[in-house]
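Listed here are the chains, written in short residue letters.
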Amino acid sequence: MALDAEDFTAFIDLCSTEFDYRITVYSPEIRKEMIWLDQDYEGMRALLEMVPQHLKRLGTLKRHVSVYIIDHDATAAIATVTSSFIVTHTDPDGVSQLFVAGTYYDEVDCRGDRYLLKRRRAHLETRDLGIGSHIPI
Amino acid sequence: MSARRYQDRARPPNLRSEDYVSGQVYRDDGVFRDELDTVLGKVWHFACHVSEVPEPGDYRTFLHALQPLFVIRGEDEKLRCFFNTCPQCGARLLGDGAGTAARLRCVRHPGQFDWSGRVVASAQSEDNAESDVLSAAPRLREIHAETKNGLVFVNLDDAAQPLDAFLGQGLEIFDGVFGDDGVEYEVFHFHRATVKANWKAWQETIVDLYHEFMHVVLRTTQMTAAPMSARDMRVYPNGHLAIGGLKADYDNYKGYSARDGSAAFPGLTVDDARFTPLFPDTTIITRGTVMRIDTVTPLDPHRTIVESRGLGIKGEPEADRLMRMRHHNDYWGPFGRNVPEDAFAAEACEKSFGKGAGRYQIIARDEGGRGQDDLMLRAYYKAWSEMTGRLAHSPGNT
Ligand code: FES
Ligand SMILES: [Fe+2]
């Protein structure tokens with residue numbers, strides 16, 4: 001929701017300082033698992049901070065997430081969460097189209113009084129991303 | 001606005017003819033058909049990297065000049081290129097982008113072919129290599145394929161000149177990089193994207209140096225790192241271009257780390273940047289630690305497939321590979337800082353040129369062959385004019 005609203009401070013605030021983020025995709029063309037983005041907490045923060053300076057795709061992105069599995073390890077106070085997502089893009093004329101579909105593999109740190117996102121693997125099904133995006137998925 | 005003013009806008013600018021390109025070049029169906037025959041149908045086109053087809057039987061399919069093609073490695077290790085079409089009744093052979101095939105099977109009939117395109121079973125006679133029907137059956141339709149520095153090029157023209165003659169010195173700024181000191185490259189990144197733009201508009205995102213103002217990253221890391229006078233633009237026969245003398249200060253962009261100690265490719269320092277736009281549809285770019293190869297494949301005058309590859313060194317330690325992936329993704333890839341901007345700009349030009357609102361593009365910048373001179377754009381369209389037989393500033397007139 002914070003990413004949809006491009007409220008990057010709010011998003012970073014939900015991440016642990018150990019945050020480890022990757023976008024991965026399998027390419028059948030080169031028959032390899034690829035990494036399309038790989039950032040830690042500081043890297044992600046800087047990247048999001050710079051977004052407003054870039055010439056970016058007009059319109060908005062909207063993430064639709066369905067949580068499939070939650071595995072809570074009470075001793076480690078870590079929850080692993082697997083969710084399916086689709087992201088739609090709505091252009092300035094109000095036309096929406098599917099931008100990308102994929103799966104989140106998340107680790108949530110449940111030690112403190114707030115749950116924090118510690119690790120996210122966004123694995124994409126969609127490989128043709130058109131002009132791409134300055135904002136992570 | 002009066003009708004008169006509207007007419008004025010249609011008039012060509014008061015410039016030398018080589019200093020502007022007509023908008024028709026980006027939208028006209030007749031121009032596009034000619035490009036397929038006289039440009040794309042004649043040039044050597046980058047198809048894939050050898051690392052994508054390492055073993056006999058490995059293949060890679062792609063589209064070029066609207067034709068479905070594939071490259072396959074034979075028993076004899078030779079790379080051949082064929083139409084991805086059964087010669088008997090025209091059905092497609094290979095359905096996916098890459099793979100390994102024991103035999104090439106027709107989807108429609110029992111037709112089968114070996115890796116050198118020979119028919120080994122036909123629709124008329126299943127698996128009977130001795131039969132007369134088979135010896136009379138057509139082979140797969142083959143086109144030229146040649147490899148240079150691990151780059152596989154193909155040519156649809158039966159009468160094509162050899163690849164070396166076509167490239168000439170066009171790859172010279174990569175001499176030390178590709179070198180022959182045993183370094184083997186391999187592809188680790190592949191992104192195939194459909195962009196709503198004319199194919200040349202994508203090529204211009206490389207050839208047009210003046211557009212670097214559009215990129216925050218280039219304003220902060222590149223334009224400040226080396227003097228404009230150090231830029232070394234080169235124009236070769238057949239429309240190939242090169243630019244060297246670029247440098248980058250990566251730590252000037254927030255979030256990029258300094259690259260001291262990173263493993264640059266042979267012949268390069270981490271802060272070097274060199275580009276070679278090969279006419280008409282391929283570009284090789286290095287930035288010290290990373291190398292990107294782009295190909296543009298038009299679908300029609302208004303839509304283009306852009307294929308981008310990222311290369312690393314075969315067998316390098318995992319840490320180096322991760323470093324290259326990160327450096328690649330800093331600029332490039334669908335979540336990079338630069339490539340979405342280039343794609344945005346190409347689509348923005350389509351919105352203007354695609355339906356005729358944009359009348360022409362001015363390419364008159366003259367900075368004595370340095371800085372952001374438009375000389376590479378002029379050279380690109382000069383080669384384009386020579387091949388199409390149409391004038392880029394007035395393509396209706398030949
Ligand atoms: S179309 Fe291939 S064998 Fe008939
Ligand atoms: Fe660019």
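Note that the structure is predicted; figures quoted are calculated from it, not measured. (Residues numbered from 1 in each chain as written. Chains lettered and ligands numbered in written order. Predicted model: local features only at pLDDT ≥ 70, side-chain atom pairs only at ≥ 80, totals over all residues. Heavy atoms only, no water.)

Asks: Can you break down helix α9 (residues 339–353) of chain B residue by residue, with the values?
Replies: All names here are of chain B. With 15 residues, α9 should reach 21 Å at 1.5 Å per residue; the first-to-last C-alpha distance of 21 Å fits that figure. The buried fraction of α9 amounts to 11 of the 15 residues, a majority that puts the element mostly inside the structure. Those residues of α9 not exposed but buried are Val 339, Pro 340, Glu 341, Asp 342, Ala 343, Phe 344, Ala 345, Ala 346, Glu 347, Glu 350 and Phe 353. Structurally, α9 contributes buried residues whose contacts are with β12 (185–195), α6 (199–207), α7 (216–222), β17 (290–300), α8 (318–331) and β19 (360–362). (Helix = DSSP H or I, 4+ residues; strand = E, 2+ residues; numbered from the N terminus. Expected span 1.5 Å × (residues − 1). Buried < 20%, exposed > 50% of the residue type's maximum accessible area, 1.4 Å probe, protein only. Contact = heavy atoms within 4.5 Å.)

Asks: Run through the interface of chain B and chain A, naming residues and quoting values.
Replies: Taken together, the contact pairs 35 residues of chain B with 36 residues of chain A. For the pair chain B and chain A, the two sides together bury roughly 3,200 Å², of which 59% comes from carbon and sulfur. Across the chain B-chain A interface, the total number found is 4 salt bridges. Where chain B packs against chain A, one counts 17 residue pairs in polar contact (both at pLDDT 80 or more). Contributions of two or more residues to the side of chain B that touches chain A are made by β3 (58–64), β6 (98–100), β12, α7, α8 and α9 of chain B. It is β12 of chain B that provides the largest number of residues to the side of chain B that touches chain A, a total of 9 residues. A breakdown of the residues in the side of chain B that touches chain A according to their chemical character gives 17 nonpolar, 8 polar and 10 charged. (Buried area = accessible area lost by both parts, 1.4 Å probe. Salt bridge = Lys/Arg side-chain N within 4 Å of Asp/Glu carboxyl O. Polar contact = N/O pair within 3.5 Å; in protein donor to acceptor, adjacent residues only side chain to side chain. Nonpolar A, V, L, I, M, F, W, Y, C, P; charged D, E, K, R; others polar.)

Asks: Give me the lowdown on the pattern of salt bridges, citing residues and values where you can.
Replies: Taken as a whole and assessed by the stated rule, the structure comprises 45 salt bridges over all chains. One salt bridge connects Asp 20 of chain A with Arg 121 of chain A, and the closest N-O pair in it is separated by 3.2 Å. Of this pair, Asp 20 of chain A sits in strand β1 (residues 15–27) while Arg 121 of chain A sits in strand β6 (residues 116–124), placing them 101 residues apart in sequence. Residue classification places Asp 20 of chain A among the partly exposed residues on the basis of a relative accessible area of 26%. We classify Arg 121 of chain A as buried; its relative accessible area is 13%. Residues Arg 326 of chain B and Asp 38 of chain A are paired through a salt bridge, measuring 3.3 Å at the closest nitrogen-oxygen approach. You can see Arg 326 of chain B sitting in helix α8 and its partner Asp 38 of chain A sitting in strand β2 (residues 32–40), one on each of two chains. Judged by its relative accessible area of 38%, Arg 326 of chain B is partly exposed. Under the relative-accessibility criterion, Asp 38 of chain A is labelled buried at 11%. Among the ionic contacts, a cluster of salt bridges with common partners joins Glu 18, Glu 107, Asp 109, Arg 111 and Lys 118 of chain A.

Asks: Residue-level account of the nonpolar core, with values.
Replies: Formed by 130 residues in total, the largest nonpolar core has its most connected members in Leu 124 and Ile 137 of chain A together with Val 71 and Tyr 381 of chain B. For this core, the element with the most residues is helix α10 (residues 375–388) of chain B, which contributes 7 residues. Residues within four places of Tyr 381 of chain B in sequence aside, it is in contact with Val 21, Val 25, Tyr 26, Lys 200, Glu 204, Ile 363 and Ala 392 of chain B. Counting residues in hydrophobic clusters, the runner-up holds 16 residues, among them Leu 104, Cys 106, Trp 115 and Val 119 of chain B. (Core = buried A, V, L, I, M, F, W, Y, C linked by side-chain atoms within 4.5 Å.)

Asks: Tell me about the confidence of the model for chain B, residues and numbers included.
Replies: Confidence in the prediction of chain B, expressed as mean pLDDT, is 91, and 93% of residues score 70 or more. Per the prediction output, this complex has pTM 0.94; the corresponding ipTM is 0.95. (pLDDT = per-residue confidence, 0-100.)

Asks: Outline the sheet that holds strand β3 (residues 60–73) of chain A, listing residues and values.
Replies: In spatial order, the strands read β2-β1-β6-β5-β4-β3 (chain A); together these 6 strands make up an open sheet with mixed pairing. Each having just a single partner strand, β2 and β3 of chain A make up the two edges of the open sheet. Taken pair by pair, the neighbouring strands of this sheet meet at an average axis angle of 20°, ignoring direction. As paired strands, β1 of chain A and β2 of chain A are joined by 8 bridges and run antiparallel to one another. Its bridge partner lying in β2 of chain A, Ile 23 of chain A is registered against Leu 37 of chain A. Strand contacts of helix α2 (residues 41–50) of chain A: β1 and β2 of chain A, with the helix running at about 80° to β2 of chain A, the strand carrying the most contacts. Relative to the sheet, α8 of chain B contacts β1 and β2 of chain A, its axis offset from that of β2 of chain A by approximately 70°. (Pairing = 2+ DSSP bridges. Axes fitted to C-alpha atoms, helices over the stretch in contact; angles between N-to-C directions.)

Asks: Explain the packing of α6 of chain B against α10 of chain B to me, using residue names and the numbers behind them.
Replies: Residues and elements named next belong to chain B. One can describe the packing of α6 onto α10 by two numbers: an axis separation of 10 Å at closest approach and a directional angle of 145°. The handedness of the crossing between α6 and α10 comes out as right-handed. Contacts between α6 and α10 involve Trp 199, Lys 200, Gln 203, Glu 204 and Val 207 from the former and Met 376, Leu 377, Tyr 380, Tyr 381 and Trp 384 from the latter. Residues that form the contact of α6 with α10 fall into these classes: 7 nonpolar, 1 polar and 2 charged. (Left-handed = near helix turned anticlockwise from the far one by under 90°.)

Asks: Tell me about the side chain of Thr 276 of chain B, and name the residues and values.
Replies: All names here are of chain B. The topology assignment puts Thr 276 in strand β15 (residues 272–278). For Thr 276, a relative accessible area of 0% gives the class buried. Residues contacting Thr 276, with those up to four places away along its chain left out, are Gly 170, Leu 171, Ile 173, Phe 174, Leu 241, Ala 242, Thr 282, Thr 283 and Ile 284.

Asks: How would you explain the pairing of strand β14 (residues 241–247) of chain B if you had to name every residue and give the values?
Replies: Residues and elements named next belong to chain B. Of all the 7 residues making up β14, 5 are buried; the element is thus mostly covered by neighbouring parts of the structure. Across 4 bridges, strand β13 (residues 232–235) lies against β14 in antiparallel orientation. Looking at β14, one finds that Asp 232 is bridged to Gly 244. Here β13 folds back onto β14 in antiparallel fashion, the turn holding 5 residues, of which Asn 238 has a positive phi close to 65°.

Asks: Quick rundown of the packing of α6 of chain B against α9 of chain B? Include the residues and the values.
Replies: All names here are of chain B. Two elements in contact, α6 and α9, have axes separated by 9 Å at closest approach and are oriented at 135°. When the axis of α6 is compared with that of α9, the two are oblique. Remark: the crossing between α6 and α9 carries right-handed chirality. Contacts from Ala 201, Trp 202 and Thr 205 in α6 reach Val 339, Asp 342, Ala 343 and Ala 346 in α9. Tallied by class, the residues present in the contact of α6 with α9 amount to 5 nonpolar, 1 polar and 1 charged. (Parallel < 35°, antiparallel > 145°, perpendicular 65-115°, else oblique.)

Asks: Describe the packing of aromatic side chains, with residues and values.
Replies: All names here are of chain B. Across all of its chains, the model carries 18 aromatic pairs over all chains by this definition. Note on Tyr 210 and Phe 213: the rings are 5.9 Å apart at their centroids and 85° apart in plane angle, and the pair reads as edge-to-face. Plain terms: the ring middles of Tyr 253 and Tyr 256 are 4.5 Å apart, the flat faces sit at 50° to each other, and that makes the pair tilted. Overall, Tyr 256 belongs to the buried group, its relative accessible area being 9%. Connected via pairs of aromatic rings, a cluster forms that spans Tyr 250, Tyr 253, Tyr 256, Tyr 331 and Trp 332. Over the ring of Tyr 256 we find Arg 259, and its NZ or CZ is 5.9 Å from the ring centre. (Phe/Tyr/Trp six-rings, centres within 6.5 Å; stacked < 30°, edge-to-face > 60°. Lys NZ or Arg CZ within 6 Å of the ring centre and 35° of its normal.)

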